Amino acid sequence: VAFACSQFLHILMDEVNGVCLPKNPAERGLFLTIKLPVVRSQLLEILSSSLDECMNMSSETSRKQAEKIICDFKIPQLCLSYCQSEAVSQAAFDLYENVVLPLPNEVMGELLLSDKSSLVALFALVTGQNNCIPDVEHSKNTFASTLGNLATAGLLSSAVERFGVR
């Protein structure tokens, strides 16, 4: 289930040339503003539930498979991106809180600090910039905690320096 949701979310990322976009321009607006956000939100909720279940199983194999899906489909980056979208921000933040936050710092650092756009998005969400999550203060604290954990683990400063982010 988690793999299928991740795959569909990946397919639905392209809002310009995506394979799921209606060819008729008149239908495209409705699709992008109403239908697509509803589908994304449902997929994010199911993905959150499925990955959360796998991560909390006693089986090490289940946790490793869930972690592989999280890494392969760049779920943390997906969450950061969707937290900046009003229509799906809460579902994306729930996924981030339930599934991404419990990851080991090394894994989070590898995923969130490997490219400049993720780091910039994380800083923007901490400051409230482009943060569309209904409980902005709680989300800001959560993202600040992520940055704090990455800094404490000694992972943040090198990424900030490497990408020239301030």
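For the structure itself, consult the block above.
Residues numbered from 1 in each chain as written. Predicted model: local features only at pLDDT ≥ 70, side-chain atom pairs only at ≥ 80, totals over all residues. Heavy atoms only, no water.

Caption draft 1: A look at helix H6 (residues 105-112). If you check which residues of H6 are buried, you get Val-107, Met-108, Gly-109, Leu-111 and Leu-112. Structurally, H6 contributes buried residues whose contacts are with helix H3 (60-72), helix H4 (75-82), helix H5 (89-100), helix H7 (116-127) and helix H8 (136-152). (Buried < 20%, exposed > 50% of the residue type's maximum accessible area, 1.4 Å probe, protein only. Helix = DSSP H or I, 4+ residues; strand = E, 2+ residues; numbered from the N terminus. Contact = heavy atoms within 4.5 Å.)

Caption draft 2: Expanded view of the side chain of Thr-142. Tracing the backbone shows Thr-142 in helix H8. By relative accessible area, Thr-142 is classed as buried at 7%. Excluding its chain neighbours within four sequence positions, the residues that come into contact with Thr-142 are Phe-93, Tyr-96, Glu-97 and Leu-101.

Caption draft 3: Fine view of the packing of aromatic side chains. Evaluation of the coordinates by the stated rule reveals three aromatic pairs. For the pair Phe-3 and Phe-73, a centre-to-centre distance of 5.5 Å together with 75° between the ring planes defines the contact as edge-to-face. Of this pair, Phe-3 sits in helix H1 (residues 2-11) while Phe-73 sits in the loop between H3 and H4, and the two are 70 residues apart along the sequence. Ring geometry for Tyr-96 versus Phe-143: centroids 5.0 Å apart, planes at 55°, classification tilted. Of the two residues, Tyr-96 is situated in helix H5 and Phe-143 in helix H8; the sequence distance between them amounts to 47 residues. Across this residue pair, the class does not change: Tyr-96 and Phe-143 are buried. (Phe/Tyr/Trp six-rings, centres within 6.5 Å; stacked < 30°, edge-to-face > 60°.)

Caption draft 4: Main features of the environment of Leu-156. With respect to the element layout, Leu-156 can be found in helix H9 (residues 156-163). Assessed through its relative accessible area of 10%, Leu-156 is described here as buried. With 72 residues separating them along the chain, Leu-156 and Gln-84 place their C-alpha atoms 22 Å apart. Apart from the residues within four sequence positions on either side, Leu-156 is in contact with Leu-113, Leu-119, Leu-147, Leu-150 and Ala-151.

Caption draft 5: A look at the nonpolar core. Grouped together as the largest cluster of nonpolar side chains are 50 residues, with contacts concentrated most on Leu-44, Leu-51, Ile-75, Tyr-96 and Phe-143. The contacts of Phe-143, once residues within four sequence positions are left out, are Leu-80, Cys-83, Phe-93, Tyr-96, Leu-122, Leu-125, Val-126, Asn-131 and Ile-133. (Core = buried A, V, L, I, M, F, W, Y, C linked by side-chain atoms within 4.5 Å.)

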